[in-house]
Amino acid sequence: MENYETYEYDVLIIGAGGAGLRAVIAAREAGCSVGVVCKSLLGKAHTVMAEGGVAAALNNMTSPDGQKEGDSWKVHFTDTMKGGGFLNNWRTVEIFAKEAPERVLELEQYGAVFDRTPLGDIAQRPFGGHKYRRLNHVGDRTGLELIRTLQDKAVGVGMNVHMEVTLCRLLKDGDRVVGAFGYYRETGKFVVFRAKAVVLATGGWGRMYKFTSNSWEGTGDGLQMAYEAGADLMDMEMIQFHPTGMAWPPGMRGILVTEGVRGEGGILLNNKNERFMFNPEYTPALYKGQFAETPEEGDRWLTDKKNNRRPPELLTRDVVARAIYREVEAGRGTEHKAVELTVSHRGEDYIKRKLPSMYEQFHALGDVDITKQPMEVYPTIHYTMGGVWAEPETCSTTVPGLFAAGEVAAGLHGANRLGGNSLSDIIVFGRRAGAGAAAYAKQATAGAIDPAQIESEIEILMSPLETKGGENPYKIHQELQEIMQTNAMIARTEKGLQEALAKILELQGRAKHMSVPGDREFNPGWHAARDLRFMLRTSEVIVLCAIERKESRGAQWRLDYAEKDDAFWGKRNLIASLQGDAVRITQRPLPEMPEELKQVVEEYK
Amino acid sequence: MEKITLRVFRGDNVSGGLVDYPVETFPGMVVLDAIHQIQAEQDSTLACRWNCKAAKCGSCSAEVDGKPALMCKTRVDQYPTGTIAVGPMRAFPHIKDLITDVSWNYRMSAKIPPLTPRPENEGKPFKLQQADVDRVQEFRKCIECFLCQDVCHVLREHDRKDAFFGPRQMVRIAALEMHPMDSLNRREQLKGEAGVGMCNITKCCTEVCPEHIHITDNAIIPLKERVADDYYDPIRGLLTKIGIIKRDTKAPLSSVPNDLTKIIVHEPRPVK
Ligand SMILES: Cc1cc2nc3c(=O)[nH]c(=O)nc-3n(C[C@H](O)[C@H](O)[C@H](O)COP(=O)(O)OP(=O)(O)OC[C@H]3O[C@@H](n4cnc5c(N)ncnc54)[C@H](O)[C@@H]3O)c2cc1C
Ligand code: SF4
Ligand code: SF4
Ligand code: FES
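Keep in mind that this is a model prediction, so the values were computed, not measured.

Some thoughts on the overall build of chain A
Along its length, chain A carries 16 helices and 21 strands. Along the three orthogonal principal directions, the C-alpha set of chain A runs to about 70 × 50 × 50 Å. Within chain A, buried positions represent 69% of all 605 residues. At a minimum sequence separation of 6, the contacts of chain A that also span at least 24 residues come to 73%. With the model as given, the accessible surface of chain A reaches about 19000 Å², and the carbon-plus-sulfur share is 49%. For chain A, the centre of its 73 positive side-chain charges and the centre of its 82 negative side-chain charges are spaced 2 Å apart.

Focus: the sheet that holds strand 3 (residues 54-55) of chain A
All names here are of chain A. With antiparallel pairing, 3 strands are arranged side by side in an open sheet as 3-5-4. The open sheet has two free edges, formed respectively by strand 3 and strand 4 (124-125), since each of these has just one partner strand. With 2 bridges joining them, strand 4 and strand 5 (residues 135-136) adopt antiparallel strand pairing. Bridging across to strand 5, R125 finds its partner in L135.

Remarks on helix 11 (residues 421-442) of chain A
Spanning 22 residues, helix 11 of chain A covers 31 Å between terminal C-alpha atoms, matching the ideal 32 Å at 1.5 Å per step. Across the 22 residues of helix 11 of chain A, 18 count as buried, placing the element largely inside the fold.

Quick notes on the nonpolar core
Counting residues in each nonpolar core, the largest one holds 270 residues, and the members touching the most others are F77 and M484 of chain A together with L6 and M71 of chain B. Setting aside anything within four residues of it in sequence, one finds F77 of chain A in contact with W90, V93, E94, A97, M593, L597, V600 and V601 of chain A. Counting residues in each nonpolar core, the second largest holds 7 residues, with M238, Y383, M385 and A415 of chain A among its members.

Brief notes about the interface of chain A and chain B
By a widespread convention, an interface's size corresponds to the accessible area lost as its parts come together. With 77 residues of chain A in contact, the opposing surface of chain B contributes 71 residues. A combined buried area of about 5900 Å² lies between chain A and chain B, and 53% of that area is made up of carbon and sulfur atoms. Contact with chain B buries area across many residues of chain A, yet K44, Q109 and E186 of chain A alone supply 11% of it, more than any other trio. Applying the counting rule to chain A against chain B returns 8 salt bridges. Residue E144 of chain B is joined to R148 of chain A by a salt bridge in which the shortest nitrogen-to-oxygen separation is 3.8 Å.

Some points on empty space enclosed by the protein
One way to see where empty space is left: roll a probe the size of a water molecule over the atoms. Taken as a whole, this structure holds 11 cavities of 30 Å³ or more when the rule is applied. The computed volume of the largest cavity comes to approximately 170 Å³. As for the largest cavity, its lining consists of 17 residues, and the residues nearest its centre are D152 of chain A together with R140, R172, A175 and L176 of chain B. Going through the elements one at a time, helix 4 (142-157) of chain A together with helix 3 (130-140) and helix 6 (167-177) of chain B are the ones with two or more residues in the lining of the largest cavity. Counting residues per element, the lining of the largest cavity draws most heavily on helix 6 of chain B, at 4 residues. Considered class by class, the residues forming the lining of the largest cavity number 9 nonpolar, 3 polar and 5 charged.

Notes on the packing of aromatic side chains
Residues and elements named next belong to chain A. Summed over all chains, the structure comprises 12 aromatic pairs over all chains. Ring geometry for Y4 and F181: centres 6.3 Å apart, planes at 75°, overall edge-to-face. You can see Y4 sitting in the segment before strand 1 (5-14) and its partner F181 sitting in strand 8 (residues 176-184), a full 177 residues away along the chain. By relative accessible area, which is 24% here, Y4 ends up partly exposed. Using a relative accessible area of 0% as the deciding quantity, one classes F181 as buried. An aromatic cluster is built from Y4, F181 and F190, whose rings are joined through pairwise contacts. Over the ring of Y350 we find R346; its NZ or CZ atom is 4.6 Å from the centre of that ring.

Some thoughts on the confidence of the model for chain B
Residue and element names in this part refer to chain B. When the pLDDT values of chain B are averaged, the result is 90; 87% of them are 70 or greater. Contacts from residues 268-272, a stretch scored under 50 in pLDDT, to residues over four places away or in other chains number 9 contacts. Interface predicted TM-score (ipTM) for the complex: 0.92; the corresponding pTM is 0.95.

Side note on the domain arrangement of chain B
All names here are of chain B. If you check the domain split of chain B, you get domain 1 (3-100) and domain 2 (103-261). Counting from both sides, the interface comprises 15 residues of domain 1 and, opposite them, 16 residues of domain 2. Buried area between domain 1 and domain 2, both sides added, is near 1200 Å², and the carbon and sulfur share of it is 57%. If you sort the residues of domain 1 by the area they bury against domain 2, P68, A91 and F92 come out on top, with a joint share of 44%.

What about the domain arrangement of chain A?
All names here are of chain A. As far as domains go, chain A holds domain 1 (245-379) and domain 2 (451-589). The distance between the C-alpha centroids of domain 1 and domain 2 comes to 32 Å. At the junction of the two partners, domain 1 supplies 6 residues and domain 2 supplies 6 residues. When domain 1 packs against domain 2, the two sides together hide about 580 Å² of surface, and 72% of this comes from carbon and sulfur. Counting the surface domain 1 buries against domain 2, the share from its top three residues, D318, R322 and Y325, is 65%. Examining the composition of the side of domain 1 that touches domain 2, we find that 5 residues originate from one element, helix 8 (residues 317-329), more than from any other.

Rules used in this analysis
- Residues numbered from 1 in each chain as written.
- Chains lettered and ligands numbered in written order.
- Predicted model: local features only at pLDDT ≥ 70, side-chain atom pairs only at ≥ 80, totals over all residues.
- Heavy atoms only, no water.
- Helix = DSSP H or I, 4+ residues; strand = E, 2+ residues; numbered from the N terminus.
- Buried < 20%, exposed > 50% of the residue type's maximum accessible area, 1.4 Å probe, protein only.
- Contact = heavy atoms within 4.5 Å.
- Areas by Shrake-Rupley, 256 points an atom, 1.4 Å probe, with all protein chains shown as cover.
- Lys, Arg positive; Asp, Glu negative; His and termini not counted.
- Charge placed at Lys NZ, Arg CZ, Asp CG, Glu CD.
- Pairing = 2+ DSSP bridges.
- Expected span 1.5 Å × (residues − 1).
- Core = buried A, V, L, I, M, F, W, Y, C linked by side-chain atoms within 4.5 Å.
- Buried area = accessible area lost by both parts, 1.4 Å probe.
- Salt bridge = Lys/Arg side-chain N within 4 Å of Asp/Glu carboxyl O.
- 1 Å grid on protein atoms, 1.4 Å probe; cavity = no way out; pocket = protein on both sides within 12 Å on 5 of 7 lines; lining within 4 Å.
- Points joined across faces, edges and corners; volume = space filled by probe spheres on them.
- Nonpolar A, V, L, I, M, F, W, Y, C, P; charged D, E, K, R; others polar.
- Phe/Tyr/Trp six-rings, centres within 6.5 Å; stacked < 30°, edge-to-face > 60°.
- Lys NZ or Arg CZ within 6 Å of the ring centre and 35° of its normal.
- pLDDT = per-residue confidence, 0-100.
- Domains from an automatic or database assignment.

In structure tokens:
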């Protein structure tokens, strides 16, 4: 067997997005040695792409009468629970809503430079499902500000950064996770990390769909590593379709148009030039009476937020995505099967100042001047609410020694995430996971590395290079994307999902015999083959959970079970775990919300 | 659908050359799409970096027809001849195909201490006007694509990576130096190891910056002036001495220990 390097740390952090980097800082502050691993270069994780803002109830914004809007953690708590169809873990949401403001202010101390209000505070913008202006932002590049700030700070507190390393397996000593194994992308050489505690911060998985805002990294490796190590996964059917992905030109399909466009007054139109979101059928019962009922009121809200209700374009993402889907299905879409989003009425100066990267993105890539012309948009895969079950206080998972935070973890967002809640998620729980792992590491000894586990992973890794005449991973990936896009997208049925499942199982069989040309040195085909196996497994779990949940809630929209079933499904999360080689899906009752939080919801909903 | 030819540099740090690939275009196609098409349909060993495909992450830097550019922001329809040459950035050690070793940039960045607020502002929300942060925000748009580093002749032709951190890091230091809340005096580092004096204001870096940061005019020249004020202006020195100009009250920079943070990208590289 070939030699491989071994690195030892108190805490190993897998992932250098916002969650991973915030965990680094926390673990270092607790006095631990820290290694962080990422698949791309430092600072290029999904976090960098986030645009709209980071949600935290700082209550900085004032109404025209000079009064503060009145935001508080309680309102943020209620909005998040409501947006998530009450499938969220109440304690996770409580911690989140209470700690987010502190974490955002801390970013400012670390060097983040947010947009300002006239009073000199951090400026906040409105977003779907947030009752008040709550998204702290920097134009439309908030994620860049966040990741660069954390990157610079983390570099300053000291860590070892292993860039362009893909980890493929968590190593276990008995029940406990004691390290991880993977390869350097550059050389293909294998590498082992030995650690007293491991934080998983590997982000989401959207690459199994055709139209996606995710990069090549979003293949769900972290999720699958945890799952194979025995961790419980939760809410896997809940995948967010962002209502506004670019729909034209074809090369740009799926790329995100920030919700900030609607937050800054952007409106949605069908091919009859109607603001279709005003169709009362599209507003769910939970939000009735809380949104403007005429376009005129919606327009007035832009300048007077106190005396007018917000336009229905700012309903939650699941709702808007469904409405767009229905408009297009009913033949009211554009020639490219999309709807129009326009913000040109806000004026060139305003748009260029508040949405500079959107302006640039459409101008350079789409030949569209958004200060004058509409954009064509259609839902795109964006975010995964489900993931590894994590305990709210320390982010520990069901596997000892393994902690999870950020998009890879489940519990905070329930059935649908509100925009802006992810960037605050990753700083709140990134910190908690780093601290939790550090505390665990301090009372633990380093475990033993089992060469047999490494060897079985090497076998999987090497197989496509050694197999001749096997399947092309790109081809299988394309077929997977096709079936997930048509059968496991916004509108789901038992029949469609069963078809998808059958196809996935077929593809899993074919994926056992893949071959790729070339050697191990920076070989994208070889990398794609390993990623594909992770994606196929993840897709299987998504589809199984979507079949199991026989109701419509949040992102899960079943045409054959169109109603929300509060009495039964409203009280249950779906848990997926590995039993031998098979997926086991179980229902787990939601933890009961304490009386005082129920009252908070009553008061603010 | 039209056909174009992508002429891609293939090879590693030992040998290599240009290889032609026919590519079918579609409306709005960018160079990165063409590379992806080649990977999926013709040669999956072709190596390149990318992440966002929306000019937000700075991963896909390359030289397109000899010009440093983001592949995801470069439309193929702007090349009327139908042949587009794509190669790696040349200022950094080559690894394979379109991939270079850019880790040096991260190592230099690690030498720059992050924002260090003045004690009186520590732990309290900042009060800042938009006008006070406009300039700093321009610098913070940087996506670390390192195209400016690639084009800067100090690094590219003269390979003075030992003496100059390069325009990207000048932008980073400028953002800190001009941050109203920072308490460190960064000029010593600027003049010393960061080597602001190495820049002779050719403005090539500004021209290639995909974020349109005015690197030379807004970052480097003001930094040069600040350093000059401190070190070389005799009148200023005199006025400071007799107390007419207030001495800078910022704390001298405590430099970051060298191996506090290590950037590891598999070293030593295997010899061929
Ligand atoms: C286009 C876009 C716009 C968005 N806009 C917003 C917004 O405005 N507001 C908001 O709140 N949220 C937004 N989001 C969501 C938000 O950006 C992400 O959910 C969040 O950044 C996830 O952070 P993370 O730290 O959990 O993971 P990521 O940032 O995805 O980082 C994952 C890290 O794990 C590493 N990794 C993964 N697998 C492996 C492996 N096998 N081995 C080693 N390392 C691995 C990756 O290299 C990466 O470093 C947006 C997302 C996208 C894609
Ligand atoms: S202006 Fe200075 S930093 Fe920029 S390219 Fe020229 S020499 Fe390099
Ligand atoms: S300053 Fe501009 S060119 Fe240089 S790294 Fe930053 S974004 Fe790229
Ligand atoms: S892929 Fe992100 S800048 Fe090109």
